[in-house]
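Spelled out, the chains give:
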Amino acid sequence: MSDKPIRVRFAPSPTGYLHVGGARTALFNYLFAKKTGGTFLLRIEDTDRTRFQEDSLKEIFESLKWLGIEWTEGPERGGEYGPYIQSERLDIYKKYAQTLWNSGQAYPCFCTPERLEKVRKEKELRKEMHGGYDRKCRDMSKEESQALIDAGTPYVLRLKAPLEGTISFVDGIRGEIETSVTMVDDTVLMKTDGYPTYHLASVVDDHLMEISHVLRGDEWIASTPRHILLYKAFGWQPPVIAHLPVILSPDGGKLSKRKGAASVMDYKRGGYLPEALVNFLSLLGWNPGDDREIMGIQEIIDAFDMGRISAKPSVFDEDKLTWVNSQYMESYDPAKLLADIEPMWAEKGLPVGEFSTEYKERVVSLFRTRCKKVTEFGENGAYFFADPEDFDAKQAAKQFNAAVKPALDKITEKAGAVAEWNRGGLEALFHGIADELEMSAGKINPAVRLAVTGVGGGPDLMDMLELMGRDTVVRRVKKASEWIEKNV
């Protein structure tokens, strides 16, 4: 392990939304920094200007903040190692690229995209294992190179990779990984547009920002030998590099947008809580050493250990995420939930503004144990704010009949005499009516539920009737009795 102060980074490219795989990478870096007392910084790698999206940059910030993954250095925070946006560091990359060129460890390449594509296809036809660049410009004299540059010929700058031997590094999760140099071509460091490639920029930045550990997705394993060569060319000590396990879709294929890799904000819009998504993502490729499945962020930080990160792929099971979310819903602060739920009710035209905050929070409390996602509040519960316009047909056929009408009438008749409109008073009312009519609660209660909600399911009946209040219950039960009289 590195003896440097712990400094880790999350370095997304703003070329699209922050998907759950990227969020898991950010989370593991954040957890490692928190557990070790280190620093977690955010760096924006926006050197691919053809794919840059301004909206993506905003969504990355929004997604991380929503998840509670706060960076201590980076955009919007500052820090002594900035700037933290690569497009603001171009002079730095040019300086270090020139250093490699001056030392003979890099060279200009004037090959056109068309020639490079032709070389690639020819190598494929010969079934060569590595179909990279053929190093045509590698041994060009400085005079010849300068003449082409002076003539305005477009060029890239390439690293001179060794022609024989192996490249090895110790992965923080997988152990030693060794690669033959025949699998590595002369990496492009600077592009024709004057921007650095990811390879040069990330190595330079990680060194200058004193990054001690690089935790990133395993798709970067193939690129790491290039980075090791760059560190050697500069004479720098590489950080500890650890590649996180791949996340698979439930069918075993690579996670994609079509197969679960939705954006973090998609999950927010889909009704998931940030704490639940963090809990779920933390267990994709890591375990706390016991069978805990529901863990708050501090519990996760306290238990986090890089040694428990597995190299094996993990599966993104959205059903499991929904279950985790439901566990958080049961104890979630109603006031925090209401902030997201109230706009959903308002969009349905419900007069939520006419009800007190206390009333709305009590509605949320009643529904928490019955909803797996926040969006289910918006889909249900309208009857807490408006009388049902009709009754579920199947439930009406089952619950509304001539035998139950007298019980409904007794409720409207006796409700005014209930001294305390609470669970105790309501249960006494219902028991008295059941005894008087010699009916079971199993026949009365479902009919009352349908009368006041228009549907067959919902929260505890007595809690619901208490919250709705005497006048609302009497009005709705009376309407249901009238409906039975006309339709049964």
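Here, every reference points to the structure presented above.
Residues numbered from 1 in each chain as written. Predicted model: local features only at pLDDT ≥ 70, side-chain atom pairs only at ≥ 80, totals over all residues. Heavy atoms only, no water.

A. Molecular detail of the nonpolar core. Core analysis: the biggest nonpolar cluster contains 55 residues, and Trp345, Phe384, Phe400, Phe430, Val448 and Leu465 have the highest contact counts within it. Counting only elements with at least two residues in this core, the list comes to α11 (318-331), α12 (334-347), α13 (357-367), α16 (405-414), α17 (423-437), α18 (441-453), α19 (461-468) and α20 (470-487). (Core = buried A, V, L, I, M, F, W, Y, C linked by side-chain atoms within 4.5 Å. Buried < 20%, exposed > 50% of the residue type's maximum accessible area, 1.4 Å probe, protein only. Helix = DSSP H or I, 4+ residues; strand = E, 2+ residues; numbered from the N terminus.)

B. Region of the structure containing helix α4 (residues 113-125). Taking 1.5 Å of rise per residue, 13 residues should cover 18 Å, and α4 covers 19 Å from first to last C-alpha, within 8% of that figure. Backbone geometry just downstream of α4 places Lys127 in the positive-phi region, at approximately 60°. (Expected span 1.5 Å × (residues − 1).)

C. Just the layout of surface pockets, in detail. Counted as a void, the largest pocket has a volume near 1,100 Å³. Around the largest pocket, the lining comprises 35 residues; the ones closest to its centre are Ser13, His19, Gly22, Glu219 and Trp220. Every element with two or more residues in the lining of the largest pocket is listed here: β1 (7-10), α1 (20-36) and β8 (213-217). At 4 residues, α1 tops the list of elements feeding residues into the lining of the largest pocket. Residues of the lining of the largest pocket, tallied by class, amount to 15 nonpolar, 10 polar and 10 charged. (1 Å grid on protein atoms, 1.4 Å probe; cavity = no way out; pocket = protein on both sides within 12 Å on 5 of 7 lines; lining within 4 Å. Points joined across faces, edges and corners; volume = space filled by probe spheres on them. Nonpolar A, V, L, I, M, F, W, Y, C, P; charged D, E, K, R; others polar.)

D. Main features of the sheet that holds strand β7 (residues 188-190). Reading across the sheet, the 3 strands line up as β3-β4-β7 and stay open at both edges, with antiparallel pairing between neighbours. The open sheet terminates on both sides in strands that have one partner only, identified here as β3 (106-109) and β7. For this sheet the average axis-to-axis angle between neighbouring strands, irrespective of direction, equals 45°. Sheet topology places strand β4 (residues 156-159) next to β7; 2 bridges connect them, and they run antiparallel. Paired with Arg158 across the two strands is Val188, which belongs to β7. Across the sheet, helix α3 (residues 90-102) lies against β3, β4 and β7, angled at about 125° from β7, the strand it touches most. (Pairing = 2+ DSSP bridges. Axes fitted to C-alpha atoms, helices over the stretch in contact; angles between N-to-C directions. Contact = heavy atoms within 4.5 Å.)

E. Fine view of the side chain of Thr375. Structurally, the position occupied by Thr375 is in helix α14 (residues 375-379). Judged by relative accessible area, Thr375 falls into the buried class, the value being 16%. For Thr375, the residues in contact, after removing those within four places along its chain, are Arg269, Gly270, Gly271 and Met344.

F. How the structure looks around the environment of Gly21. Relative to the helices and strands, Gly21 is located in helix α1. For the pair Gly21 and Glu80, spaced 59 residues apart in sequence, the C-alpha separation works out to 29 Å.

G. Looking closely at empty space enclosed by the protein. A complete count under the given rule lists 1 cavity of 30 Å³ or more for this structure. Taken as a whole, the largest cavity encloses approximately 40 Å³ of empty space. Looking at the largest cavity, the residues that line it are Ser202, Val203, Asp206, Val214, Arg216, His227, Tyr231, Pro239 and Ile241. Every element with two or more residues in the lining of the largest cavity is listed here: α6 (198-208), β8 and α7 (224-234). Grouping the constituent residues of the lining of the largest cavity by class yields 5 nonpolar, 2 polar and 2 charged.

H. How the structure looks around the pattern of salt bridges. Counting across every chain of the model gives 32 salt bridges. A salt bridge links Lys414 to Glu436; its shortest N-O distance comes to 3.7 Å. Here Lys414, found in helix α16, pairs with Glu436, found in helix α17; they are 22 residues apart in sequence, far enough to count as distant. For Glu436, a relative accessible area of 43% puts it in the partly exposed group. Its salt-bridge partner being Arg423, residue Asp463 comes within 3.2 Å of it at the nearest N-O pair. Of this pair, Asp463 sits in helix α19 while Arg423 is found in helix α17, placing the two residues 40 residues apart along the sequence. (Salt bridge = Lys/Arg side-chain N within 4 Å of Asp/Glu carboxyl O.)

I. Just unusual backbone geometry, in detail. Along the chain, Gly82 connects to Pro83 via a cis peptide bond; the corresponding omega equals 0°. Position of Pro83 relative to the elements: it lies in the loop between α2 (54-67) and α3. For Arg135, which is not glycine, the phi dihedral falls at a positive 65°. You can see Arg135 is positioned in the loop between α4 and α5 (142-150). Judged by relative accessible area, which is 23%, Arg135 ranks as partly exposed. The backbone of Glu210 shows a phi angle near 55°, a positive value even though the residue is not glycine. When you line up the elements, Glu210 lands in the loop between α6 and β8. Of the residues examined, Glu210 reaches a relative accessible area of 41% and is grouped as partly exposed.

J. Just α1, in detail. Along its 17 residues, α1 runs 24 Å from first to last C-alpha, staying within 8% of the 24 Å computed at 1.5 Å per residue. Residue Gly37 follows α1 closely and has a positive phi angle near 75°.

K. Geometry of the pairing of β8. Of all 5 residues in β8, 5 are buried; the element is thus mostly enclosed. Of the strand pairs in this sheet, β8 and strand β9 (residues 240-244) are connected by 5 bridges, and their pairing is parallel. Bridge assignment links Gly217 to a residue of β9, and that residue is Leu244.

L. Geometry of the packing of aromatic side chains. Counted by the stated rule, this structure contains 24 aromatic pairs. Relative to Trp236, the ring of Phe234 lies with its centre 4.2 Å away and its plane at 15°, an arrangement referred to as stacked. Residue class for Phe234 comes out buried when judged on its relative accessible area of 14%. Seen in terms of ring centroids, Phe367 and Phe377 are 6.0 Å apart; in terms of plane orientation they differ by 70°. Their pairing is edge-to-face. Placement of Phe367 in helix α13 and of Phe377 in helix α14 is noted, with a sequence separation of 10 residues between them. The rings of Tyr267, Tyr272, Phe280 and Phe316 are connected pair by pair, giving a single aromatic cluster. Its guanidinium or amino end placed over the ring of Trp71, Arg77 lies 4.6 Å from that ring's centre, counting from NZ or CZ. The lysine or arginine in question, Arg158, covers the ring of Tyr133, its NZ or CZ lying 3.8 Å from the ring centre. (Phe/Tyr/Trp six-rings, centres within 6.5 Å; stacked < 30°, edge-to-face > 60°. Lys NZ or Arg CZ within 6 Å of the ring centre and 35° of its normal.)

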